[in-house]
Amino acid sequence: MKCLGGYIHEKEDSCQRFGCSCGCRRSHRLRRLLFHPCGPLYFWRRRFFLSRICLESTEGDNAYDTAAVFKDKIAELTDGRVQVDLYGGAQLGSTTEVLEGMSVGVADIMCESVGTLAPFTPLANIDIMPYMYTGYDHFMNVWNSDLGDEIKETVGEAAGYKLLGATYRSPRIVTATKEMHTVADFSGFKLRAPNLEGYIKVWQWMGSAPTPLAMNETYTALQQGTVEGQENPMVDSLNYAFDEVCDYWIKTNHVYSCNLLIMDRNYFNSLPEDIQAAVTEAANYAGKTISESQQAREAEAEEKLISEGKTVIEVDNAEFAEHFKDYAATEYPDLADWVSRIVAMG
């Protein structure tokens, strides 16, 4: 029998993942040639594997650099059998578009935070729980432990993805157009927040007024006074040139987010066991490599801000942590056990 793509079927169910009633998806011709069991390049691809990594960011960003290290390491581990192309700057679509399109071949891998999977499972909000970590060592101990593996596997299975590696991004801070020091100062504060319920709830708990905006709209919103600030790791905030529009950099350190490599779960499971093992090893290597360099980048970023005359504010993190002590149990009771186990490892 012929499928819509014009290939003779050996097994009727061999290409269901391509979206049509008998297999192929005409809008993804190259993908079909490579992956369709009846396609002319399928047996070539069983020996050589091509992967596309989609990234919102560009070179110099934590996620992009993690993907770049992964690319080199996977080629080394497989003697070139796996070749990876990087598509930065959201070339293949927004985070949500790419994640939703992975099953039909929009991309093979994405490097993003655990929290971006919240639209697919509320368990991913573990990434956004405030004041769980005491610092870098605590973060690394968690994500390189059995608990870290448990979180990745549980969240990944619930969302339909395979989660690999773990990269320290640095704590999220606030950049603002006005000076703030205490929890009370944040009451009514208008800031840009990611369009994810978990982030919005954090700032509502603080008494602030979070405004969901795309990152590429945030600079202009700060310039025009639509918002008074935004929150991201310090290095990322500098990469977006927020030092040009924000004079106050407030080290709230409220969330330690974890970047990792995200793959469609069915695609990962379809790979040969030796390739799966290499992908896992390369992802772990990339996460640890970039994590180790991130602290130095944090220090360099702060020095740059000070040299520019920006005000870097150290707040009483204990005061903020106390404010959020009942947050997980109240807003996300299903995550309270993970939160308490993470805190206990500090």
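Before any of the text, the structure's been laid out above.
Calculation criteria
- Residue positions are counted from 1 within each chain, in the order its sequence is given.
- Selection of residues for local features in this predicted model requires a pLDDT of at least 70, selection of side-chain atom pairs for listing and counting requires 80 or more, and totals for whole chains, interfaces and linings are taken over all residues.
- Hydrogens are left out, water is left out, and the side-chain values use all remaining heavy atoms of the structure.
- Put simply, DSSP marks the helices as runs of H or I at least four residues long and the strands as runs of E at least two long, and each gets a number from the N terminus on.
- A helix is expected to reach a length of 1.5 Å times the quantity of its residues less one.
- A residue's bend is simply the angle between two axes: one fitted to the seven residues ending at it, one to the seven starting at it.
- Definitions used for this entry: grid spacing 1 Å over protein atoms alone; cavity, a set of points where a 1.4 Å probe fits but cannot get out; pocket, an open set with protein on both sides within 12 Å along at least 5 of 7 lines; lining residue, one with an atom within 4 Å of a point.
- Grid points are joined across faces, edges and corners, and a volume is the space filled by probe spheres set on the points.
- Any residue with relative accessible area above 30% and no salt bridge may belong to a patch, with like charges joined within 9 Å and the nonpolar Val, Leu, Ile, Met, Phe, Trp and Tyr side chains within 5 Å.
- All accessibility values rest on the Shrake-Rupley procedure with a 1.4 Å probe; residue burial counts only the protein chains present in the view.
- Salt bridges are identified by distance alone: a Lys or Arg side-chain nitrogen within 4 Å of an Asp or Glu carboxyl oxygen.
- His is not counted, nor are the chain ends, whereas Lys and Arg count as positive and Asp and Glu as negative.
- A single reference atom marks each charge: NZ on Lys, CZ on Arg, CG on Asp, CD on Glu.
- For each residue, the accessible area found with a 1.4 Å probe, counting protein chains only, is set against the maximum for its type, and the residue is called buried under 20%, exposed over 50%, and partly exposed in between.
- Residues are sorted three ways: Asp, Glu, Lys and Arg are charged, Ala, Val, Leu, Ile, Met, Phe, Trp, Tyr, Cys and Pro are nonpolar, and all the rest, Gly among them, are polar.
- Aromatic rings from Phe, Tyr and Trp, taking only the six-membered ring of Trp, are treated as a pair when their centres fall within 6.5 Å; an angle between ring planes under 30 degrees marks them as stacked, one over 60 as edge-to-face, and anything in between as tilted.
- Note on criteria: charge over ring means Lys NZ or Arg CZ within 6 Å of the ring centre, with the direction from the centre no more than 35 degrees off the ring normal.

Points about helix H11 (residues 273–307)
Okay, step 1: Taking 1.5 Å of rise per residue, the 35 residues of H11 would be expected to cover 51 Å, and the 51 Å separating its terminal C-alpha atoms lies within 8% of that figure.
Okay, step 2: The sharpest bend along H11 comes to roughly 30°, located at Gln294.

Re empty space enclosed by the protein
To find leftover empty space, one rolls a probe the size of a water molecule over the atoms.
Okay, step 1: A full pass over the atoms with the stated rule returns one cavity of 30 Å³ or more.
Okay, step 2: Of the volumes computed, that of the largest cavity is approximately 60 Å³.
Okay, step 3: Looking at the largest cavity, the residues that line it are Phe49, Ser51, Phe70, Ile74, Val82, Ile109, Met263, Tyr267, Leu271, Ile275 and Val279.
Okay, step 4: Residue assignment for the lining of the largest cavity shows that the elements contributing at least two residues are strand E1 (49–54), helix H3 (62–77) and H11.

Quick word on a negative patch on the surface
Okay, step 1: Where like charges cluster on the molecular surface, the negative patch consists of Glu179, Asp185, Asp316 and Glu319.
Okay, step 2: Position of Glu319 among the secondary structure elements: in helix H12 (residues 317–323).
Okay, step 3: Of the residues examined, Glu319 reaches a relative accessible area of 31% and is grouped as partly exposed.

As for the layout of surface pockets
Okay, step 1: Taken as a whole, the largest pocket spans an internal volume of roughly 1,000 Å³.
Okay, step 2: Lining of the largest pocket is provided by 36 residues; of these, Glu56, Thr95, Glu112, Arg192 and Met215 occupy positions nearest its centre.
Okay, step 3: Those elements that provide at least two residues to the lining of the largest pocket are H3, helix H4 (95–101), strand E3 (109–113), strand E4 (161–176), helix H8 (215–224) and helix H9 (234–239).
Okay, step 4: For the lining of the largest pocket, the class distribution of residues is 13 nonpolar, 15 polar and eight charged.

Some remarks on the packing of aromatic side chains
Okay, step 1: One pass over the structure, following the stated rule, counts 16 aromatic pairs.
Okay, step 2: Summarising the aromatic geometry, the rings of Tyr136 and Tyr168 are spaced 4.9 Å apart at their centres and angled 90° between planes, so their arrangement reads as edge-to-face. Placement of Tyr136 in helix H5 (residues 136–143) and of Tyr168 in strand E4 is noted, with a sequence separation of 32 residues between them.
Okay, step 3: Ring centres of Phe186 and Trp203 lie 6.0 Å apart, and the angle between their planes is 35°; this geometry places the pair in the tilted category. Taken as a pair, Phe186 in the loop between E4 and strand E5 (190–193) and Trp203 in helix H7 (residues 197–205) lie far apart in primary sequence, 17 residues in all.
Okay, step 4: Overall, the relative accessible area of 0% leaves Phe186 in the buried class.
Okay, step 5: By the ring-pair criterion, three or more aromatic residues cluster together here, those being Tyr131, Phe186, Phe189, Trp203, Trp205, Phe320, Phe324, Tyr327 and Tyr332.
Okay, step 6: Above the face of the Tyr285 ring, Lys73 is positioned so that its terminal group lies 4.3 Å from the ring centre.
Okay, step 7: A cation sits over an aromatic face here: Lys201 above Tyr332, 4.9 Å from the ring centre.

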